Every structure is written in C-alpha cells, then in structure tokens.
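Here's the letter readout for the chains.
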Amino acid sequence: MKILLLSPNLSITPSPVYPIGLDYVAGAVLPRHEVRIVDLNEGAGLEGLQEAIRADDPDVIGLSLRNIDNLDAFATKSYIGDFRKAAAAIRDTTGAKIVLGGSGFTIFPSELMEALGADYGIAGDGEQFPLLLDTLAAGGDASRIPGVRIGGCPSASLPAAANRPFRRHLDVNSPHFQFYLRQGGIFNLQTKRGCPFRCIYCTYPHIDGGRLRLLDPDEVARDALMLQQAGAKFLFITDSTFNCHADHSLAVARAFIRARLTVPWGAFFAPFKPADDDYRVMAEAGLTHVEFGTESLCDSVLSAYGKPFRAEDVRHAHEQAADAGLHIAHYLLLGGPGEDEKTLTKTLEHAEKLEKAVLIPFCGIRIYPHTPIHGISVREGQIAGDRSLLDPVFYRSPALNLDTVMERVTRFAAGRPHWIPCGGGEEAGRVVSRLHARGYGGPLWEHLIPGKSGAMQPS
C-alpha cells in the first residue's frame, strides 16, 4: 500500500519542531509499504499537500496530531482549525482513508474523530499502524485492534505499551529534514517512553504509559551521530523527563562519549538532588542545555502538584548543573492547586536567587482529561464532569485570581530579560527565527541571561 504521513503542525514558536513521531511510524511501516512524509511547516501549504496527494495517489493518509493548542491561558491559540483545513483539503483531493494519530489524538480521540471526519484513529503508540494497514488490506475487522477507532466508535481499550524496540527511519535527504536543517538545525532524539511520575497536570502517563520503556543507549547514539553527520546543530531529547531513570540517562551519555558525539544537546530534567558527578558526565557527553520542570519553589505547592522533589532539591540540582558549566532554564507553573499570594511571592523571590538561569513562568494550568487535575477541577466545581476540554480550559486557584498572577509575574519580569513569561510568545519566536537566519543554532534562550558572554536583548 502507498502511505502518506502528514504533519499538519504550522507552529514555529519559538522554533519549528521536527516531527520525530512520523520517523517512528515510518520505521514501523517500512519496508512492507511505500511511505512519504509531508510536513506543512515546509511552506508548501495545503496546495502543496494536494499536489503531493495527486502525485503519489496514496491509499492511506496518516495525520499526526501532536499539540492541540499552545498552553497559554492569556493568548490561547487552538490548532484545531488548521487540522480541519488539512482534513478538508485531503477530502477534496482523494478518497484515500484518513487515519489520525499522535499524542494530541490520544488525549482527545472521540472529539478529533468527529471534528475532522476521519475514517480511523490510533490512540497510543503509532507502531499500531501496521496492524491497521494489514487488517485493511485483508478486509478484516479493524475494530478488534486495541487503540483503533472507527468513526465515533472507540475500541475496547488503549493498547498496552509494548516493551519492544522502536525503529526510527531517518531520511536525511528528505525535503522536510532539509527544511529543519535550514531553520536552526534543531533535531529530536528519544531515549525512552513512559513516565513513572504522577504530576497532577501531565498527560504523559496516559499517552506513553506509566512504565518506562528504555531504548538501547548505543542505538540512541547511532541516531545522534547520523544527525550530526547530516549537519544538525543541536539535538533535543524528547523524553518526558530525561533523568527519571538515572542509570539509563548516564548510560546514554556514556554512549555519546564512546560515539565521539560533538553536536550539543539538551533535554527536560526533573530537579532531583543528583549524584555528585551526574551533570559533569553529561556535560562531557555534550549536554549544554538543562531545562528543569521546576514549576514552583514552595514545598506545599510542589506537594499539591504531585511533584517528586522539593525546593531544596531544586537548589541542589541547579548548583550541580551550574558547576558543570551548563545553560539552565527553569519552567514555572503558577496559579495551580495550593497557590496563594504567599506561595506565589515565595516562588518568584526564590526563583530570582537561581543565578545564571532563564526563568520561564506560565500562568494557569491547562486541564486535560485523564489527569488528576481534571478530577480536582470537577470536585471544586470549576468544570462539569462531562465538559469537553478540546477547547482550552485552565485551572484557577480559588485563593488567587489568575489575572492577578499574570499581573504579578509581568510586573516582576519587567527589566529582567532572563524572565520570559509564557515562553515569550510570538515576539520571542521572531527573535529566535532572526538569530537562526544569522547562523545561530540551538534554543538560544541562554543569551538572555545578564552578564553571560554574548548576552543579547530580545529585539
């Protein structure tokens, strides 16, 4: 069968994100089926998509729906409209079956099936796709495949996370790969799936499962080396939390050292109190950027959020990363359960004491189904239990008005270029794009830290 895999994502703020999920789907489908990847971020738009469909005449078109919106309570942007346009363009061009997948679809399968009028959907791992293709080719009953949806009818269950190797298909000569090479050269790696934590707002345990599935470190290093040889300027590890399995993250770092990887890389980290040499080893392996999911610097709020660390652990992790010479960013998630004026003040003041760091605060917590905060919001009467959450809905602390949180954060960040409220928005994206066009690579937020070599203003 001929398969066209589509990334309809058009967001480039702060940088365009390489659609790594489609590499894994292609790796699962090949070589039994012909595969082509089309990425709307390349600039061809819907007309280019229709031209590709006419040229290839695919039997099945898979849409990878990664993010549903931008998670910003004060400048919310939904991507559903873009997805609808892509689906309509496909329907206007071909009678091929439309199959939805991706993390966004796994969170909202029924809503997205209805919104886009798709034929099938795959919740959970995209590696289920070959099972659907084989069933369709044989004229079988696709409803028996775990995770597969037909129209508005769900399957009986989400598929159990399989402990099997994931094959990534990297085509460094493809147009979509070359596009990201020109747009800052940032590419993604995955070292594991699953998340063992139970943070109240997080969808990862539902999307990937709560059991860790580890990729072979040497295989990860081979992919990293291939990306380096293809011209990548920076690699970002897409794991929910890179250091949630300390032995494995260090094994990956040592595999990078053995492979003589030289391209810099970064990842999301939980600010656990680390072993004395963890960050030194990872820095030796090429780690340059640490992005901590800190969320708060008040222990009572961290406890309410279900975080597996406390404020003192954050300080230790920060110091270890700084001593290793790494660029550091801390993400803060303000205004959630347990937040009040005192806890907000404590977090802002203590965050400013984290030297040589970028602080990225978000105000309000997006409520998703399948998360503890959804149940909290229902119990508090903030939302009805049967309310659709496809349109963004944000938790609001009963003790603190969310508008007040944003006002406090904006006022606190004024004159502090290393504070980037809500990720900086569209303006930050324009700054990063201009810097990438001038030859800079990587995330670039480290240039906003006062006193650091090469610091620059976001203008």
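First, a word on scope: everything that follows refers to the structure included in this document. (Residues numbered from 1 in each chain as written. Predicted model: local features only at pLDDT ≥ 70, side-chain atom pairs only at ≥ 80, totals over all residues. Heavy atoms only, no water.)

### Quick word on the packing of helix H1 (residues 20-29) against helix H6 (residues 129-138)
Helix-helix packing: each pair is described by the crossing angle between the helix axes and the interaxial distance. Where H1 meets H6, the axes come as close as 9 Å, and the angle between the chain directions of the two elements is 45 degrees. Accordingly, the angle class assigned to the pair H1 and H6 is oblique. Handedness of the H1/H6 crossing: right-handed. Listed contacts from H6 to Val25, Ala28 and Val29 of H1 are Phe129, Pro130 and Leu133. A per-class count over the contact of H1 with H6 returns 6 nonpolar, no polar and no charged. (Axes fitted to C-alpha atoms, helices over the stretch in contact; angles between N-to-C directions. Helix = DSSP H or I, 4+ residues; strand = E, 2+ residues; numbered from the N terminus. Parallel < 35°, antiparallel > 145°, perpendicular 65-115°, else oblique. Left-handed = near helix turned anticlockwise from the far one by under 90°. Contact = heavy atoms within 4.5 Å. Nonpolar A, V, L, I, M, F, W, Y, C, P; charged D, E, K, R; others polar.)

### Comments concerning the nonpolar core
Core analysis: the largest hydrophobic core is formed by 84 residues, its most contacted members being Leu6, Leu100 and Leu112. Here the element with the most residues in this core is helix H16 (residues 402-413); it accounts for 6 residues. Ignoring sequence-local partners within four residues, the contact set of Leu100 consists of Leu63, Leu65, Phe105, Leu112, Met113, Leu116, Ala118, Tyr120, Gly121 and Ile122. (Core = buried A, V, L, I, M, F, W, Y, C linked by side-chain atoms within 4.5 Å. Buried < 20%, exposed > 50% of the residue type's maximum accessible area, 1.4 Å probe, protein only.)

### Some thoughts on the packing of aromatic side chains
As enumerated under the stated definition, the model contains 18 aromatic pairs in all. Within the aromatic cluster, the residues linked to one another by ring pairs are Phe242, Phe256, Trp265, Phe269, Tyr279 and Phe292. Note that Arg193 overlies the ring of Tyr24, its terminal NZ or CZ placed 5.1 Å from the centroid. Seen from the ring of Phe412, Arg416 lies directly overhead, with NZ or CZ sitting 4.2 Å from the centre. (Phe/Tyr/Trp six-rings, centres within 6.5 Å; stacked < 30°, edge-to-face > 60°. Lys NZ or Arg CZ within 6 Å of the ring centre and 35° of its normal.)

### Observations regarding the pattern of salt bridges
Two side chains of opposite charge can pair, provided their charged atoms sit close to one another. Evaluation of the coordinates by the stated rule reveals 18 salt bridges. Salt-bridge contacts for Asp141 lead to Arg144; the nearest nitrogen and oxygen are separated by 3.6 Å. You can call Asp141 partly exposed: its relative accessible area is 41%. Of the residues examined, Arg144 reaches a relative accessible area of 71% and is grouped as exposed. Overlapping salt bridges, with partners in common, bring together Asp125, Glu127, Arg193 and Arg213 in one network. (Salt bridge = Lys/Arg side-chain N within 4 Å of Asp/Glu carboxyl O.)

### What to know about unusual backbone geometry
The omega torsion across Leu30 and Pro31 is 0 degrees, close enough to zero to call that bond cis. With respect to the helices and strands, the residue Pro31 is situated in the loop between H1 and strand S2 (34-39). Even without glycine at this site, Arg260 takes up a positive phi of about 60 degrees. Topologically, Arg260 is positioned in the loop between helix H10 (246-259) and strand S11 (265-269). Relative accessible area serves as the criterion here: at 71%, Arg260 is assigned to the exposed category. The backbone phi angle of His370 is positive, close to 70 degrees, even though this residue is not glycine.

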